[in-house]
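Residue-level structural notes
Each chain is listed here by its residues.
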Amino acid sequence: MSQGGNQQVNVADLDLSQLTDVKRQLDEELSHLSNSFTQLSKAQARFKSCIENVNEVNKDKSILVPLSNSLYVPGKLSDPDHVIVDVGTGYYVKKTRAEAAKHYQSKADFVRTNLQTLQETIEKKQDNMNYLVNIMQVKLQQQQASGQK
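Read on for a plain summary of the structure. All values derive from a computational prediction rather than experimental measurement.

**Section: helix α1 (residues 16-56)**
Given a rise of 1.5 Å per residue, 41 residues ought to cover 60 Å, and the 59 Å separating the end C-alpha atoms of α1 matches this to within 8%. Restricting attention to buried positions, one finds in α1 the residues L19, L26, L30, L33, A43, Q44, I51 and V54.

**As for unusual backbone geometry**
Here the phi dihedral of T89 falls at roughly 45°; this positive angle occurs in a residue that is not glycine. Along the chain, T89 turns up in the loop between β3 (82-88) and β4 (91-96). Accessibility expressed as a relative area gives 75% for T89, which makes it exposed.

**Considering the nonpolar core**
Formed by V11, L14, L19, L26, L30, L33, L118, I122, M129, L132, I135 and M136, the largest nonpolar core amounts to 12 residues. No other element matches helix α2 (residues 97-148), which puts 6 residues into this core. Residues contacting I135, with those up to four places away along its chain left out, are V11, A12 and L19. Counting 9 residues, the second largest nonpolar core, distinct from the first, contains I51, V54, V83 and A100.

The rules behind each value
Residues numbered from 1 in each chain as written. Predicted model: local features only at pLDDT ≥ 70, side-chain atom pairs only at ≥ 80, totals over all residues. Heavy atoms only, no water. Helix = DSSP H or I, 4+ residues; strand = E, 2+ residues; numbered from the N terminus. Expected span 1.5 Å × (residues − 1). Buried < 20%, exposed > 50% of the residue type's maximum accessible area, 1.4 Å probe, protein only. Core = buried A, V, L, I, M, F, W, Y, C linked by side-chain atoms within 4.5 Å. Contact = heavy atoms within 4.5 Å.

Written out as structure tokens, the structure reads:
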């Protein structure tokens, strides 16, 4: 039986083809993490925009009411003290403006925390990538030096 868990390997012990494979994997991980960071940043901006919109609501202001994901019609609020909040997966809840702003602020804070964690992960992966590239350069120089002799 094999033991569970990850086995650590010193990258300096790998040959160039193995290092290239590790580099390719790190590139893919960095790309995925960067895309996730971008998506989370957009989500955070949307939540902040929701907070601003909730705070700007008044009875005379014209709004766009969503009838579907792509169809909106103009309308006016009959009760500016309450708004309908999309809480996810097609569910909507009536909340006061203060409750709605608090809801969106908690969502924005949650995303901000995840962004910070993701940023740290990306930085660690980039450090790993830089270390790997340095090892590859040393191996290439050693290979070229031994080829010239």
